[in-house]
Amino acid sequence: VQLQASGGGLVRAGGSLRLSCAASGHTFSRYAMGWFRQAPGKEREFVAGISSTDGSTDYADSVKGRFTISRDNAKNTVYLQMNSLKPEDTAVYYCAASWSWYSMRYGLDSDRNWGQGTQVTVSS
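Caption draft 1: Spotlight on the packing of aromatic side chains. Tallying each qualifying case throughout the model produces five aromatic pairs. Measuring from ring centre to ring centre gives 4.3 Å for Y31 and W99, while their planes differ by 25°; the resulting arrangement is stacked. In this pair, Y31 sits in the loop between β3 (17–23) and β4 (32–38) while W99 sits in the loop between β9 (91–98) and α1 (101–106), placing the two residues 68 residues apart along the sequence. Residue classification places Y31 among the buried residues on the basis of a relative accessible area of 6%. Take W99: its relative accessible area is 56%, and that puts it in the exposed class. Seen from their ring centres, Y94 and W114 are 6.4 Å apart, and the 90° between their planes marks the pair as edge-to-face. In this pair, Y94 is assigned in strand β9 and W114 in strand β10 (residues 113–114), connecting sequence segments 20 residues apart. Residue class for W114 comes out partly exposed when judged on its relative accessible area of 24%. Each residue in the set F36, F46, Y94 and W114 is aromatic and connected to the rest through ring pairs, giving one cluster. Its end group placed over the ring of F28, R71 keeps NZ or CZ at 4.7 Å from the ring centre.

Reading the values: the criteria
- Residues numbered from 1 in each chain as written.
- Predicted model: local features only at pLDDT ≥ 70, side-chain atom pairs only at ≥ 80, totals over all residues.
- Heavy atoms only, no water.
- Phe/Tyr/Trp six-rings, centres within 6.5 Å; stacked < 30°, edge-to-face > 60°.
- Helix = DSSP H or I, 4+ residues; strand = E, 2+ residues; numbered from the N terminus.
- Buried < 20%, exposed > 50% of the residue type's maximum accessible area, 1.4 Å probe, protein only.
- Lys NZ or Arg CZ within 6 Å of the ring centre and 35° of its normal.

By themselves, these are just geometric observations and shouldn't be taken as functional.
Pasting the structure below:
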């Protein structure tokens, strides 16, 4: 599956952004999907994930209650709604796909298909 992320930009603290990730192919609904981010000088980290089976979700503690991941299988797209943004949310955001929920959530980078990143910058 090929992934194309969009929706990043510059926003003030407290603002909102919605990221989108469009996937190619006819098997999108079978993939667990996720969002990761990498801030300057830091390792890439898990942000949010959504399963392929029952739509269950999981979030990093740092974004719980502020970010919402969702998917539209008819549009082959996964979204990340980001509210109450903070300067520490500034990072390049990547979408990812994996056949396995466990691999999506806990696997290695090589266990996932990656899209190109989209920059999110939150000013104070």
